[in-house]
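Analysis of the macromolecular model
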Amino acid sequence: MTGDDHYRADGSSEAPAKSEETDERARPDQFLDQSTDAVTIELWLREGTGHTVRDVQAQYRQQTTALETSQQVADVTIRTWPTRLFRDPDQEAVSGPVHRAVREMETWASENGYSLAPAFQRRVVRSPLSGRRREEVTLPIVCLAIHGDAGLEGVFPARHDGVVYTVEDFYEAIRDTASEDPVTDSAAVGAE
């Protein structure tokens, strides 16, 4: 994968348009500067994908694992989640790790003026057997959660003021930051 390749949750490889006036709060590299300590990166990969998508996920897995040698990264965790997450309005307190992670990401987005759409797609579905309605959240194929001193500090992909920040944007930002540091070898952070 080159620096110009982007993989979006909708399966296209089209790069999102960037605005000339990007809000300072939305810069991917700001997550590296926010913490006094190195950040922890959690990579979420969707289960049950086809061969092409698994190849792309393997590239992201490799890039994320390579970040463990970066001075800005304290730890890397790779997790999987299903294609869809269901929420029953009568059972909002579901406490599985995926439910907790998605709730934490939604809270972060809401509190910081971001949106997780279109990567996290929501709709209400009705059971053909019971007729009950419940919310279905289609989870992204690849997602990064950046944790720092204060907890969750960033989610990729996310949208702010009409600008979509992708997983690749975060990798580019950390590569750029590493290339400014003469101690860090850019090959060690997944640069190709």
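For every chain, the first residue of its written sequence is number 1, and the numbers climb from 1 along that sequence. In view of the model being predicted, local features appear only for residues whose pLDDT reaches at least 70, and side-chain atom pairs are presented and counted only at 80 or more, with totals across whole chains, interfaces and linings using the full set of residues. Heavy atoms from the whole structure form the basis of all side-chain values; hydrogens and water molecules are not counted.

1. Brief notes about the overall build of the chain
- Counting from the N terminus, the helices are DSSP H or I runs at least four residues long and the strands are E runs at least two residues long. When its secondary structure is counted, the chain shows four helices and nine strands.
- Throughout, exposure labels follow a simple rule: accessible area from a 1.4 Å probe, protein chains only, divided by the maximum for the residue type, with under 20% read as buried, over 50% as exposed, and the rest as partly exposed. Here the chain holds 192 residues, and 43% of them are scored as buried.
- For the accessible areas, the method is Shrake-Rupley and the probe is 1.4 Å, while residue cover comes only from the protein chains on display. Total accessible area computed for the chain in this model is approximately 10,200 Å², and 46% of it derives from carbon and sulfur atoms.

2. Overview of the confidence of the model for the chain
- For every residue, the predictor reports its confidence as pLDDT, a number between 0 and 100. Averaged over the chain, the pLDDT score is 78; the fraction of residues at 70 or greater is 69%.
- The element-level mean pLDDT for the chain is lowest in helix α1 (residues 30-34), coming to 56, with strand β1 (residues 39-46) highest at 96.
- In this description, contact between two residues means that some pair of their heavy atoms is separated by no more than 4.5 Å. Below a pLDDT of 50 lies the segment residues 1-26, which in the model reaches 49 contacts outside its immediate sequence neighbourhood of four places, other chains included.

3. Considerations on unusual backbone geometry
- Put simply, alanine 117 and proline 118 share a cis peptide bond, and its omega is 10 degrees.
- Relative to the helices and strands, proline 118 resides in the loop between α3 (97-112) and β4 (121-126).
- In this structure, proline 157 follows phenylalanine 156 across a cis peptide bond, with omega equal to 5 degrees.
- Here proline 157 shows up in the loop between β7 (151-156) and β8 (158-160).
- The phi dihedral of aspartate 161 is positive, around 50 degrees, even though this residue is not glycine.
- Within the secondary structure, aspartate 161 sits in the loop between β8 and β9 (163-165).
- For aspartate 161, a relative accessible area of 61% corresponds to the exposed category.

4. Regarding the sheet that holds strand β3 (residues 84-87)
- Each pair of strands is called paired provided DSSP finds at least two bridges between the two strands. With antiparallel pairing, three strands are arranged side by side in an open sheet as β3-β5-β4. Two strands close off the open sheet at either side, each with one partner strand: β3 and β4. Averaged over all pairs of adjacent strands, the angle between their axes in this sheet comes to 30 degrees, without regard to strand direction.
- One ladder, built from six bridges, connects β4 with strand β5 (residues 133-138); its direction is antiparallel. Its bridge partner being in β5, arginine 122 is matched across the sheet by valine 137.
- The strands that α3 touches are β3 and β4; relative to β3, the one it contacts most, it runs at about 85 degrees. All axes here are fitted lines through C-alpha atoms, helices being fitted over the stretch that makes contact, and every angle between N-to-C directions spans 0 to 180 degrees.

5. Structural notes on the sheet that holds strand β2 (residues 73-81)
- Ordered in space as β2-β1-β6-β7, the four strands form an open sheet in which the pairing is mixed. If you trace the sheet from one side to the other, it starts and ends with β2 and β7, each paired once. The sheet shows a mean angle of 20 degrees between the axes of neighbouring strands, taken without regard to direction.
- Relative to β7, strand β6 (residues 142-148) runs antiparallel, the two being bridged by five bridges. Across the sheet, the residue bridging to glycine 148 is glycine 151, located in β7.
- Its contacts with the sheet place helix α2 (residues 51-66) against β1, β2 and β6, and it is angled at close to 170 degrees to β1.
- Taken strand by strand, α3 contacts β1, β2, β6 and β7, and its axis lies near 85 degrees from that of β7.

6. Some thoughts on α3
- To estimate the expected span of a helix, count its residues, drop one, and scale the result by 1.5 Å. Here α3 contains 16 residues, and its C-alpha end-to-end distance of 22 Å stays within 8% of the 22 Å for a straight helix at 1.5 Å per residue.
- All of the buried residues in α3 are Val98, His99, Ala101, Val102, Met105, Glu106, Trp108 and Ala109.
- Downstream of α3 by one or two residues, glycine 113 has phi in the positive range, about 75 degrees.

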